[in-house]
Amino acid sequence: MKNYHYPRYTFVFVLLLLLLWSCSLILDTLRTGGEKELPTAVQIASQPGPRVIIFALDGTAPDELMRLIRSGEAPNLAALLGKDRGSGLFEHGYAPRAWSILPSSTIAAWAATFTGVPPGQNGIMGDEWFVRETETFHAPVPVSAQDTLDVTKVVEDDLIGQLLSAPTLYELTKRKSYVSMLSIHRGATLYTTVAPSSFTNFLTFLIKGTLKGIDPEKSFSAALDDSAVQKLIEAIDTRGLPDLQVVYLPGIDIFTHVSENRLAGQARYLRYVTDKRIGDVLDVYRKRGALDGTYVIIISDHSQIPTLNDAQHRLGTDDEESPFGLLAKSGFRVRKALLSLGNLDRDYQAVLAYQGFMAYVYLADRSTCLEEHKACEWKKPPRFQEDVMPIVKAFYEANRTGDRIPQLKGTIDLIFSRQPVAGTQNAKPFQIFDGHQLVPIGAYLKQHPRPDLIDLERRMQWLGAGPLGNRAGHIVLLARACTNIPVENRYYFAGITHYTWHGSACEQDSRIPFILAQAGGSGSAMRNLMRKVGGDSPSQMAMTPLVREIFK
Ligand SMILES: [Zn+2]
C-alpha cells in the first residue's frame, strides 16, 4: 500500500548493481563461517543405540514434496522411503497428515517442534513479538521491522536459546547432537553454520526485495544450503558421527518467497537442490556403514500460500493506510517498526508485530502516558473497555466498511482478543469478536463453521494460553488468506511484498511434511511409533517426544 516514485530505469539500474554486489559478497562470506562447541553441551560421547537425522526443511509444502518422492524426481528421499503402500505408508517410512502450530511462522514453529511445547509455554511467539515487561521488540526473522540485528544475534549469540523458556530436544535427550544452521540449538554438542554475516545478508536482501527467484541451482538460497551441508560434513569428518544430527535447510523458504513460479518454483528447488543435499548427508552415513537402522525425520515448520507480490496486498507498516495508520487514527501513538528506538520515540502506546498472515497488537494503559513524550507503564495491563475494545472495533469497522482506512476493507478474516491480565498471570484464552462482543472460539465456530481454518480453537489456545501466552498481544488479527478465496483477495502483514506467505490457520500453509523413516526398517513400525506419540494427525510438537521415544 505504498507508492514508489523512483524513475523506473534508475530503480532497475540500482537493483542490478545491488544484485551484482550481493552476488559476490554472499559467495565470499558463505565460504567462511564454521563450527562452535556449545558451552551448555551436557554430553559429548556417543551412546550405543540408534542414530537419528532430522532434515528440517523450511517452508516446504507437503503435497509438492510427496509428489516428487512418488514420481522418483526426489530419488534420494524415494530410495530412503522405499515402495509406496498407500495412505502415507511406505516400505520403510510413514508420512501422516501433520500440522504446524499457530502462527505457521518460522521461529515459533521450530521452537515448538524442538521443545515439544507451544508458544504460550516456551515463550517464542512468532517471527516477531513484543515483551511488555522488558519493553523489548524481538525480530529474529524481520517481517515488519527491516533490521537484521536480531538475525545476527540468532547465529552469533543464540538469541532464541536465551529467550526460550522450555528445555530443547538436545537438553532433554542428553545425546551427542550436532545442529547445522537451525535457530534452536541451545544445549546441542556442536553448532555448525555459515558465516553469520552471510545469513544476515540473505535476509537483508530478502527483506529489501532484491533477491529474485531464478534457476534454483544458481540461486543464493542453494549456495546457502550447499555451504551449510558442506560445513556439517566437514564437522563429521573431523569429529565423527553424532547420535543426533539436525540438518536445517533454509533455502527452500527463501527461494519460494521470491519465486514468481511460487509452489512450482519450490518443487524445482526441492528436486534440484534439497534432495541432492539430503543425498549428500545420507552418503556420509552410508560410507561409514552407519546408515542402516538410522532413523530419518523429514519435517517442515510451515508451508506456503501463493500471494500477489504487490503493495496493494501488503498490509504494511510505514504508510497512513496500514494497520499502523489505523492505530494512529484511533488516537494511539504507535511504536515505529524498528528494533531499537531513539529517546523521543519511546512514548508509544501501541505496538504491532507481524507474522505474514497474522499480526499481534499490544496496547498500553493510556492513562499512564496521556501526554506526548511520556513513556507508558507497559508492566500494567491495558484497560479492556478504554484501551482494547476501541481498537478491536476500529479494525472490525475498517474491515467491514473501510471506516478510517478504506484500503483495509475486506482484508481481515478474524479478530481475536481477550480480557488483559498482568504479565505475571496466566493469559486468558483468545475469543473472536463477532461485531458485538467477544465470543469463545468454539461457540463462534458452531455458529459460523470454518472447516478451512484447521483446528483453530486448540491452536489459538496453544498460542495464547499458558504462562507466556500474554506475549501474543491483546489483539490478534488474521488476514484473509485461505486458498478457497482467489489470490487477489489474500492479504498479508509485512514490510515487503512476496510471491508467497504463511502464518495463517489455513490448511494450505498449516499442513506440513512430517515423515519418519528408518533406513532398511519397517514402515508399519514407523507408523506405530508415530501414532504412539502423535495420534493419527500429529502436530509438529510430536517430533520431540518421537525422538525421545527412539532414544529411549
Ligand atoms: Zn519458515
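Structure's up top.
Keep in mind the model is a prediction, meaning the values are calculated, not measured.

Caption draft 1: Representation of the overall build of the protein chain within the structure. Within the protein chain, the secondary structure is distributed over 19 helices and 24 strands. Burial status across the protein chain gives 62% buried among its 552 residues. For the protein chain, restricting intrachain contacts to residue pairs at least 6 apart in sequence, the fraction spanning at least 24 positions comes to 75%. Summed over its atoms, the accessible surface of the protein chain is roughly 20,600 Å², and 51% of this surface lies on carbon and sulfur atoms.

Caption draft 2: The arrangement of the state of the cysteines in detail. Enumeration according to the criterion identifies two disulfides in this entry. What pairs with Cys-369 in a disulfide is Cys-376, and their sulfur atoms sit 2.0 Å apart. With the S-S dihedral at roughly 80°, the linkage between Cys-369 and Cys-376 falls on the right-handed side. The exposure classification of Cys-369 matches that of Cys-376, with both residues buried. Look at the protein chain and number its bonded cysteines as they come in the sequence; the links are 1-2, 3-4.

Caption draft 3: Highlighting the packing of helix α2 (residues 62-71) against helix α12 (residues 262-287). Across the interface, α2 lies against α12 with an axial gap of 10 Å and an inter-helix angle of 45°. Taken together, the axis directions place α2 and α12 in an arrangement best described as oblique. Crossing angle aside, the handedness with which α2 passes α12 is right-handed. In this structure, α2 contributes Glu-64, Leu-65, Arg-67 and Leu-68 to the contact, and α12 contributes Leu-263, Ala-267, Leu-270 and Arg-271. Classifying every residue of the contact of α2 with α12 gives five nonpolar, no polar and three charged.

Caption draft 4: Inspection of the nonpolar core at higher detail. Ranked by size, the top nonpolar core spans 123 residues in total, and within it Ile-54, Phe-114, Ile-297, Phe-416, Leu-456 and Met-460 carry the most contacts. Among the elements that line this core, the one with the most residues is helix α14 (residues 384-401), at eight residues. Membership of the second largest hydrophobic core comes to 42 residues, among which are Tyr-178, Leu-270, Tyr-285 and Val-296.

Caption draft 5: Inspection of the side chain of Asp-452 at higher detail. Structurally, Asp-452 can be placed in the loop between α15 (441-447) and α16 (456-464). Here the side chain of Asp-452 touches Arg-450 through a polar contact of 2.9 Å, side chain to side chain. Engagement of the side chain of Asp-452 in a polar contact is seen with the side chain of Asn-484, the distance being 3.1 Å. Not counting the four nearest positions on each side in its chain, Asp-452 is found in contact with Cys-482, Asn-484, Ala-505, Cys-506 and Glu-507.

Thresholds applied
- Residues numbered from 1 in each chain as written.
- Predicted model: local features only at pLDDT ≥ 70, side-chain atom pairs only at ≥ 80, totals over all residues.
- Heavy atoms only, no water.
- Helix = DSSP H or I, 4+ residues; strand = E, 2+ residues; numbered from the N terminus.
- Buried < 20%, exposed > 50% of the residue type's maximum accessible area, 1.4 Å probe, protein only.
- Contact = heavy atoms within 4.5 Å.
- Areas by Shrake-Rupley, 256 points an atom, 1.4 Å probe, with all protein chains shown as cover.
- Disulfide = S-S within 2.5 Å.
- Axes fitted to C-alpha atoms, helices over the stretch in contact; angles between N-to-C directions.
- Parallel < 35°, antiparallel > 145°, perpendicular 65-115°, else oblique.
- Left-handed = near helix turned anticlockwise from the far one by under 90°.
- Nonpolar A, V, L, I, M, F, W, Y, C, P; charged D, E, K, R; others polar.
- Core = buried A, V, L, I, M, F, W, Y, C linked by side-chain atoms within 4.5 Å.
- Polar contact = N/O pair within 3.5 Å; in protein donor to acceptor, adjacent residues only side chain to side chain.

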